[in-house]
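Summary of structural features
Listed below, chain by chain, are the residues.
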Amino acid sequence: MLNVTLENIILTVVNLLVLLIALKLVLFKPVQKIIEARQEEADQKFHEAAEKQEEAEEMKHQYEASLAEVHKEKRNILDAAREDADEQYQKIVNEARSEAKHIKKKATVEAEAQKEQILKGAEKEIADIIVNAASKVVGEQSGVKSDAVLFDEFLNKAGEE
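Parameters at a glance
- Residues numbered from 1 in each chain as written.
- Predicted model: local features only at pLDDT ≥ 70, side-chain atom pairs only at ≥ 80, totals over all residues.
- Heavy atoms only, no water.
- Helix = DSSP H or I, 4+ residues; strand = E, 2+ residues; numbered from the N terminus.
- Buried < 20%, exposed > 50% of the residue type's maximum accessible area, 1.4 Å probe, protein only.
- Areas by Shrake-Rupley, 256 points an atom, 1.4 Å probe, with all protein chains shown as cover.
- Patch = residues over 30% accessible without salt bridge, like charges linked within 9 Å, V, L, I, M, F, W, Y side chains within 5 Å.
- Salt bridge = Lys/Arg side-chain N within 4 Å of Asp/Glu carboxyl O.
- Lys, Arg positive; Asp, Glu negative; His and termini not counted.
- Charge placed at Lys NZ, Arg CZ, Asp CG, Glu CD.

**Digging into the overall build of the protein chain**
- Looking only at helices and strands, one finds two helices and zero strands in the protein chain.
- For the protein chain, the residues scored as buried account for 3% of the 161 residues in total.
- With an accessible surface of roughly 15,000 Å², the protein chain has 60% of that area assigned to carbon and sulfur atoms.

What follows is the structure, encoded as structure tokens:
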């Protein structure tokens, strides 16, 4: 049976203290060191992850700034292209207007020249008709001298009208 004596209680307490010290040295301290090492490793990984996240945020801001700069440059290029296109358009339109004016002026001059030629031709034909009619009227008095006189008279009368 079990005897509960003071000696047994003291020996049991001493055994428990020895066992506790042994367990602490053999089991608790190594396990505590492993737990602390794992905690340090986890803290280090967490710290590295935080640094990587900060780097990613910084890179994101740089990317956004770069993207904004690219959009700004794109707008500037498009604006410059529009201005160049407008200038080219105005230049082409002005050249076309100038050429149209030149063609119109040339056509007007040609029309006037043709009008003058037609009038001179008509005057000559009318003069020839009058000379023929006058020579028929005058009959025998026809000659170069009388033709010239009749022609000059006709021109003078036509010029007065």
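Text resumes after the structure shown.
**What to know about a negative patch on the surface**
- Where like charges cluster on the molecular surface, the negative patch consists of Glu 48, Glu 51, Glu 54, Glu 55 and Glu 58.
- Checked against the element boundaries, Glu 48 lands in helix H1 (residues 6-138).
- Judged by its relative accessible area of 33%, Glu 48 is partly exposed.

**Quick notes on the pattern of salt bridges**
- All told, the structure shown has one salt bridge when counted by the stated rule.
- Ionic pairing is found between Asp 79 and Arg 82, a salt bridge with its closest N-O pair at 3.0 Å. Residue Asp 79 and its partner Arg 82 are located together in helix H1, separated by three residues, close to a single helical turn.

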